[in-house]
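Given next are the chains, with one letter for each unit.
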Amino acid sequence: MTSGTPGIDEKVLQYETFISEVLRQDLQKVLEQRDAVYEKIAQYLQLKNTIQSIQETDSKELKTDVDLGCNFYVQAHVPDASKICVAVGYGFFVEFTHAEALKFIEKKTNQLTEYTEVLTKDAAKIKANIRMVLEGLRELQGLKDLSETRRREVL
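All figures in this text were calculated on a predicted structure; none of them were measured in a lab. (Residues numbered from 1 in each chain as written. Predicted model: local features only at pLDDT ≥ 70, side-chain atom pairs only at ≥ 80, totals over all residues. Heavy atoms only, no water.)

Within the protein chain, the secondary structure is distributed over two helices and four strands. A total of 155 residues make up the protein chain; the buried ones form 21% of that total. Counting contacts in the protein chain only where the partners sit at least 6 residues apart, residues at least 24 apart contribute 55% of the total. Within the structure as shown, the protein chain displays about 11,600 Å² of accessible surface, and the carbon and sulfur contribution to it stands at 54%. (Helix = DSSP H or I, 4+ residues; strand = E, 2+ residues; numbered from the N terminus. Buried < 20%, exposed > 50% of the residue type's maximum accessible area, 1.4 Å probe, protein only. Contact = heavy atoms within 4.5 Å. Areas by Shrake-Rupley, 256 points an atom, 1.4 Å probe, with all protein chains shown as cover.)

In this section: unusual backbone geometry. Positive phi, normally seen in glycine, also occurs at Cys70, with a value near 55°. Looking at where Cys70 falls in the secondary structure, it is placed in the loop between strand 1 (62-67) and strand 2 (73-78). On the accessibility criterion, Cys70 (83% relative accessible area) is exposed. For Asn71, which is not glycine, the phi torsion reads 55° and is therefore positive. Relative to the assigned elements, Asn71 resides in the loop between strand 1 and strand 2. Take Asn71: its relative accessible area is 61%, and that puts it in the exposed class.

A few words now on the pattern of salt bridges. In the structure shown here, the tally under the stated rule is four salt bridges. Among the ionic pairs, Glu106 bridges to Lys48, the shortest N-O distance being 3.4 Å. One end of the pair, Glu106, is in helix 2 (residues 98-141); the other, Lys48, is in helix 1 (residues 6-57), with 58 residues separating them in the sequence. Connected through shared salt-bridge partners, Arg131, Glu135, Arg138 and Glu139 make up one network. (Salt bridge = Lys/Arg side-chain N within 4 Å of Asp/Glu carboxyl O.)

A cluster of nonpolar side chains, contributed by Val66, Leu68, Phe72 and Val74, occupies part of the molecular surface with about 350 Å² of accessible area. Looking at the secondary structure, you find Val74 in strand 2. (Patch = residues over 30% accessible without salt bridge, like charges linked within 9 Å, V, L, I, M, F, W, Y side chains within 5 Å.)

Our next topic: the confidence of the model for the protein chain. Looking at the protein chain, pLDDT values average 86 and 88% of them are 70 or higher. At the low end of the mean pLDDT range in the protein chain sits strand 1, at 88; at the high end sits strand 4 (residues 92-97), at 95. (pLDDT = per-residue confidence, 0-100.)

The next thing to look at is the pairing of strand 3 (residues 83-89). Relative to strand 4, strand 3 runs antiparallel, the two sharing six bridges. Across the sheet, Ala87 pairs through a bridge with Phe93, a residue of strand 4. Here strand 3 folds back onto strand 4, and the loop between the two strands holds two residues, one of which, Tyr90, carries a positive phi near 55°. (Pairing = 2+ DSSP bridges.)

A separate point is helix 2. For helix 2, with 44 residues, the first-to-last C-alpha span of 63 Å sits near the 64 Å given by 1.5 Å per residue. Looking at the residues trailing helix 2, positive phi occurs at Gly142, about 75°. (Expected span 1.5 Å × (residues − 1).)

What follows is about the packing of aromatic side chains. Two aromatic rings, taken as a pair, are described by how far apart their centres are and by the angle between their planes. Tallied over the full model, the rule gives two aromatic pairs. Measuring from centroid to centroid gives 6.1 Å for Tyr44 and Phe104, while their planes differ by 70°, and the two rings are edge-to-face. With Tyr44 in helix 1 and Phe104 in helix 2, this residue pair connects regions lying 60 residues apart in the sequence. Cluster of aromatic residues (ring-pair linked, three or more members): Tyr44, Phe96 and Phe104. (Phe/Tyr/Trp six-rings, centres within 6.5 Å; stacked < 30°, edge-to-face > 60°.)

What follows is the structure, given as structure tokens:
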């Protein structure tokens, strides 16, 4: 910090606190939310691939390994694989035919993709706010602007 008036030093400290305690944490939360949505999309796409492979084999029964948790697998035998239960949200499962499940997965992944775009825009806004506050701090402290080549990404 430059040695200036106590009022300016206090304002600089307030802005630095605002950046670290509010803006950066908001950015982290939004990015974590977006990552969780991407994970859901990946799970739906994996289910889509599984359904398509079941359709390609065209068999009524299915033998598979089921993950019970902590990478502990057991063998399972499904006598009728013509229908599948899909988690639709809030702990609810719906029994679908393969065609219905594929339609649902397509709609759900489109919805989740739109949501990730919203979260990406929110993250960009927060990054812009961080940049704006940093520019304000630079002006308050009377520092000269860095050239474009010497600037680094905020986060």
